[in-house]
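Residues per chain are reported as follows:
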Amino acid sequence: MRDDAYLLDMLNAARRAKNFVASMSQEEFIASELHQSALVKQLEIIGEAARRVSDAFQTAHPEI
């Protein structure tokens, strides 16, 4: 089932996003276009994968 792959993509992107900014202050993040761009890319990956999760899976797991 492809849903598993999409969920894994979302999880991996979320972990990467967290790691990109884990050691940064808010001020450092705001000053770094590189980190902002990296974080936005991971959010795009999450959004694209979420959009592809089947309706059946979404209905079965409304808490997600």
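Reading the values: rules and limits
Along each chain, the written sequence defines residue order, and numbers are assigned to residues from 1. At least 70 in pLDDT is required for a residue's local features to be given in this predicted model, at least 80 for side-chain atom pairs to be given and counted, and no such filter applies to totals for whole chains, interfaces and linings, which use all residues. Neither water nor hydrogens contribute to the side-chain values; these are computed over all heavy atoms in the structure. Basic side-chain nitrogens of Lys or Arg form a salt bridge, by our definition, when they fall within 4 Å of a carboxyl oxygen of Asp or Glu. Per the convention used, a helix needs a DSSP run of H or I reaching at least four residues, while a strand needs a run of E reaching at least two, with both numbered from the N terminus. As a rule, the C-alpha atoms of each element are fitted with a line to give its axis, helices using only the stretch in contact, and angles between N-to-C directions run from 0 to 180 degrees. Angular relationships are summarised with four words: roughly parallel below 35 degrees, roughly antiparallel beyond 145, roughly perpendicular across 65 to 115, and oblique for the angles in between. What makes a crossing left-handed is the near helix being turned counterclockwise from the far one by less than a right angle; a clockwise turn instead makes it right-handed. Here a residue-residue contact requires only that any non-hydrogen atoms of the pair lie within 4.5 Å. Under the grouping applied here, Gly and all other residues not named as nonpolar or charged are polar, the nonpolar ones being Ala, Val, Leu, Ile, Met, Phe, Trp, Tyr, Cys and Pro and the charged ones Asp, Glu, Lys and Arg.

Observations regarding the pattern of salt bridges
For the coordinates displayed, the defined rule picks out 2 salt bridges. A salt bridge links Glu48 to Arg51; the shortest N-O distance between them is 2.8 Å. Of this pair, Glu48 and Arg51 both sit in helix 3 (residues 33–52), separated by 3 residues, roughly a single helical turn. Salt-bridge contacts for Arg52 lead to Glu48; the nearest nitrogen and oxygen are separated by 3.1 Å. A residue pair is termed a helical-turn pair when its members lie 3 or 4 positions apart in one helix, as Arg52 and Glu48 do in helix 3 at 4 residues. Overlapping salt bridges bring together Glu48, Arg51 and Arg52 as one network.

Points about the packing of helix 1 (residues 2–21) against helix 3
Between helix 1 and helix 3, the shortest axis-to-axis distance is 9 Å and the interhelical angle comes to 165 degrees. By the criterion of interaxial angle, the relationship of helix 1 to helix 3 is roughly antiparallel. In terms of crossing hand, the pair formed by helix 1 and helix 3 is left-handed. Counting all contacts with helix 1, which are made through Asp3, Tyr6, Asp9, Met10, Ala13, Ala14, Arg16, Ala17 and Phe20, the residues of helix 3 involved are His35, Ala38, Leu39, Gln42, Ile45, Ile46, Ala49, Ala50 and Arg52. Here the contact of helix 1 with helix 3 is composed, by residue class, of 12 nonpolar, 2 polar and 4 charged.

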